[in-house]
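Okay, here's what each chain looks like letter by letter:
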Amino acid sequence: MLKLKGVEDVYYPGTIKEAVSLLRRDKEGSEIVGGGLDISVLPNPRIKHLIFLDKLGLEYVKKTEDGIKIGATSSISFATDSAPMQTYFNGKVKEILNEIATELLRNQITFGGSLGKREPYSDIVTMLIALDAKVVLSDGEWDEELSIADFYKGNFRKLIKERIIKEVILNNFDSSYFFSMERFVRNATDIALLNMGILLKLDGKEISNAIIAVGSRPKPAYLFEEGMKYAKGKSLSKEFAEEFGNFVESHIDVDKDYRVSKEYRAHIAGVFAKRILLEAMEG
Amino acid sequence: MKVKYIINGKEETYEIHPGEVLLDVLRRNGHSEVKGNCYLGTCGACTVLIDGVPHTSCTILAAKVNGSEITTIKGVGSLNNSHPIQKAFVEKGAVQCGFCTPGTILSAYALLKKNPDPTDEDIRKSLDGNLCRCTGYVQQIESVKLAVKLLKEGKNE
């Protein structure tokens, strides 16, 4: 089964500058390939040129003063096997990543590819937005660091036709932060019917700040700002978890698709929000 | 375009279309031990090791892995010289129709190379992309545990 019939040539650039130059030569007909899962499963017949990033040395996970830097071509498995991820949020982020898809696909899905494609069902995108992570774009001469939420607020598809996603930066968080994520799937290999990531800054029991990202709704992941405002300044308790779950269910921006109704998705969102707050209470 | 791979230790050069997936290239060139089915990466029947890491060859662009080392089930063992994992699969009844078996054994092989003493959870995780409609998975997990024992006893490659 020839999946990409229109492909005429492939490139293996040795530098980011070279990759960008190839990309700019034919922006519409060229495709940057991270792991290549998306392009092989959802082939685009208009693609003529494939640009592979494997020779750019972007497969790394490094602990730095700013946090953890994950190179764009690092797969989920590569990242979860790395030393810095073993302890990040006490291994919670690693645990969440290991629940995505299957081992075989985790070996292929890359961080850069996930961000560049922004598939609506992507668990990685939801997780990175909730973690307030940053993306670094590069043209080989100049690197720009953007919060992932801001990256998607602009015309990111235009940006990635001009520059390469070089790396993702996970911020350092002290022990006053709590993070968790929930995803609802029908079986282990299914894409989520809804996913939600919540980062809380806690001052004792008080929520001094919250970041809430929701994806697979079925639209792409977004920041649930109403919920973030609602949670801010509240005290963690079973009663508030219940109240917050109800708030999320009635205010979340979700829709229906052929798999699930809008009401059911909203209900799941409420359950997830409540569950994560209860988990935060338990520490 | 031309690509070069080292397949089961032997250097091979193939003429490919730049938009082809690895599964098609391997099967067209005689590697029928690599099974094809879903072409979506969901069943795992087409699993091969690329530089030691298991992948669904139906979702890997053949051009992307140009120059890589590829292992199919024939690189793990043969009828007359079975690998302990293969022996364990036979002994524990983890093979029925056999269609998923090459991929499943390759996933198990990669796991035991990386982690010679896996927990049940590690085994389940490593095989979670290899669907089997016959065995119900219990026998496969038992097989990997038996293989761990056989390998520790020195009945290895």
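Here goes a summary of the coordinates provided. (Residues numbered from 1 in each chain as written. Chains lettered and ligands numbered in written order. Predicted model: local features only at pLDDT ≥ 70, side-chain atom pairs only at ≥ 80, totals over all residues.)

Once that is clear, we can look at the sheet that holds strand β10 (residues 194-203) of chain A. Residues and elements named next belong to chain A. Within the open sheet, the four strands sit side by side as β9-β10-β11-β12. Their pairing is antiparallel. Lying at the two open borders of the sheet, with one neighbouring strand each, are β9 (177-184) and β12 (222-223). Here two bridges tie strand β11 (residues 206-215) to β12, and the two strands are oriented antiparallel to one another. Looking at β12, one finds that V214 is bridged to Y222. Across the sheet, helix α8 (residues 123-130) is in contact with β9, β10, β11 and β12; its angle to β11 comes to roughly 160°. Helix α13 (residues 262-282) contacts β9, β10 and β11 of the sheet and is inclined by roughly 30° relative to β10. (Pairing = 2+ DSSP bridges. Helix = DSSP H or I, 4+ residues; strand = E, 2+ residues; numbered from the N terminus. Contact = placed C-beta atoms within 7 Å. Axes fitted to C-alpha atoms, helices over the stretch in contact; angles between N-to-C directions.)

All names here are of chain A. Of note, the bond from R217 into P218 is cis; its omega dihedral lies within 30 degrees of zero at -5°. Tracing the backbone through its elements, the reader meets P218 in the loop between β11 and β12. Located in the positive-phi region is N90, a residue other than glycine, with phi close to 55°. Tracing the chain through its elements places N90 in the loop between α4 (83-87) and α5 (92-97).

With that settled, consider helix α12 (residues 238-251) of chain A. Residue and element names in this part refer to chain A. With 14 residues, α12 should cover 20 Å at 1.5 Å per step; its first-to-last C-alpha distance of 20 Å lies within 8% of that length. Considered for burial, the residues of α12 that qualify are F244, G245, V248 and E249. Along the long axis of α12, the arc covered by the buried residues comes to 135°, so they all point the same way. Of the exposed residues in α12, the ones pointing more than 90 degrees away from its buried face are E239 and S250. Here the buried face of α12 lies against α11 (225-231) and α13. (Expected span 1.5 Å × (residues − 1). Buried ≥ 20, exposed ≤ 12 C-beta atoms within 10 Å, placed from the backbone. Arc of directions from axis to C-beta.)

Contacts between the two partners involve 27 residues from chain B and, on the opposite side, 26 residues from chain A. Looking at the side of chain B that touches chain A, the elements that each hand over two or more residues are β4 (53-56) and α4 (120-126) of chain B. Considering each element in turn, the side of chain B that touches chain A owes the most residues, four residues, to β4(B). Residues that form the side of chain B that touches chain A fall into these classes: 10 nonpolar, 12 polar and five charged. (Nonpolar A, V, L, I, M, F, W, Y, C, P; charged D, E, K, R; others polar.)

Of note, L2(A) is situated in the segment before β1 (9-11). By the C-beta count within 10 Å, which is 11 here, L2(A) ends up exposed. Note: C-alpha distance between L2(A) and K62(A) (60 residues apart in sequence) is 38 Å. In contact with L2(A), other than residues within four places in its own chain, are H17(B), G19(B) and E20(B).

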